[in-house]
Amino acid sequence: MNEPHKTRFKAIGTLWQIDASGESSDYWNETLSRVHSLIGDFDQTYSRFRKDSFVQKIARKTGIVAVPEDFITLLLMYLPLYHLTGGAINFLIGRLLEDCGYDADYSFTERELRSVPPLTGTIEVVDSQHIRIATPVLFDFGAIGKGYLIDLVYELLAARGYREFSIDAGGDIRMRTDNDRVLRIGLEHPDRTDTAIGTVRLSNSAIAGSAGNRRSWGRFHHIIDPRTGTSPDLVTATWVIAASAALADALSTALFFTRPAVLRKQFVFEFIVLDKFGTAHYSEKLPGELFRG
Amino acid sequence: MDAGNDAMPAAGESAGTSQTTGTTTKEASYRDGNYEASGAYKSPAGAEEINVTLIVANDVVTAVTIVPKAEHPISQRWQKVTADGIAQQVVGKSLDEIAVDNVSGSSLTPIGFMEALDKIRAQAQS
């Protein structure tokens, strides 16, 4: 039995598409219901857009707070990025994003901007299930969260025995194959969504893209520099190909702030950075082609 | 691109560009040679200037040197993004001209977009 399965659904504010082959339809449907509960649990824990979420519930707390184990995992993933970007990637940016108008009501109304506390001295990991919070903070995992969730879904499918599949959450994609299968990915033009600036090939790897265009309001787009309270404007779009979706997601955001060479000291990845002049800057071994202007 | 535009001049364009050597190759969009240009743009920190040197051979940019003149630390970081990897001016190609399995970009790609992709794929296979 080797049936192809293709499923689309909306979750965490984006469109998902999961393609997989192997196993029966019944087994696939059972797998999908587990995927949905995994995503639901993740949203309930990490979404600052849900007033009943865990991160909203602990937003006024200080002292030692019990957290899920993967909360700690996620926190620790931020640390090298926080340091390499000079503090630009910071999961304590939640309140500032709200102040900029990127809040649970999607008010898009700017208020007085509060500064983002440094990680050091504000959050301390006590053990695998507890953190200590010095001052009340609203966690925002926007830089890594979606990629991390894709990785969790990936692990779930792999544990269920799937060998050939891809998971696409709003254009962030991770794929797996045992047969050198290649997924051809179009790189969406940040201003004209019916066109692509190039294509890349994915095979047992992940891609994440980030662009300021679609989620923008006033003087902001959804990437905001916690150090300045402004949205970076020299870079208009980035893509990163890496081993995991979480890493690709994190680096695609980090490239709005930091040179690729700085990030490449610590991480292995391929990249495309599109600047506002229409020039793409990309790594030498990029598996794909860009359309020359 | 007009002189005075706050964008970086690209190779082969006139504003502030000097070409030192050049040969024309078949279907090449750039002539071989060394190109130098300075560009000015406005960043949130104010007006900024950079010097750019490009070496073009067989229609490929083989070397890029960028010397930022910015004094603001944050702007320096952004400008130096351009100093890594290969630099190339790019354009969008219509998605119905290229066969792709998925699309990556801003993360709110609507359902209609993916459905349109399916239709294109179906047409291509019929």
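Residues numbered from 1 in each chain as written. Chains lettered and ligands numbered in written order. Predicted model: local features only at pLDDT ≥ 70, side-chain atom pairs only at ≥ 80, totals over all residues.

**Some thoughts on the overall build of chain B**
Scanning chain B from terminus to terminus reveals two helices and seven strands. Along the chain direction, N to C, the helices and strands of chain B fall in the order β-β-β-β-α-β-β-β-α. Per-residue burial for chain B yields a buried fraction of 30% across its 126 residues. Of all intrachain contacts in chain B linking residues separated by at least 6 positions in sequence, the fraction that spans at least 24 positions is 33%. (Helix = DSSP H or I, 4+ residues; strand = E, 2+ residues; numbered from the N terminus. Buried ≥ 20, exposed ≤ 12 C-beta atoms within 10 Å, placed from the backbone. Contact = placed C-beta atoms within 7 Å.)

**A short note on the domain arrangement of chain A**
All names here are of chain A. Structurally, chain A comprises domain 1 (55–133) and domain 2 (166–290). The C-alpha centroid of domain 2 is placed 23 Å from the C-alpha centroid of domain 1. Between domain 1 and domain 2, the residue contacts involve 19 residues of the former and 18 residues of the latter. If one sorts the elements of the side of domain 1 that touches domain 2 by residue count, helix α3 (residues 69–84) sits on top with four residues. Along the lines of polarity and charge, the residues of the side of domain 1 that touches domain 2 split into 14 nonpolar, four polar and one charged. (Domains from an automatic or database assignment. Nonpolar A, V, L, I, M, F, W, Y, C, P; charged D, E, K, R; others polar.)

**Observations regarding the packing of helix α1 (residues 25–46) of chain A against helix α5 (residues 145–159) of chain A**
All names here are of chain A. Direction vectors running N to C along α1 and α5 enclose 150 degrees, while the axes themselves pass 10 Å from each other. Between α1 and α5, the angle is such that the two are roughly antiparallel. Note that α1 runs across α5; the crossing there is right-handed. When α1 is examined against α5, the residues Thr31, Arg34, Val35, Leu38, Ile39, Phe42 and Tyr46 are found in contact with a partner set consisting of Gly145, Leu149, Leu152, Val153, Leu156 and Leu157. (Axes fitted to C-alpha atoms, helices over the stretch in contact; angles between N-to-C directions. Parallel < 35°, antiparallel > 145°, perpendicular 65-115°, else oblique. Left-handed = near helix turned anticlockwise from the far one by under 90°.)

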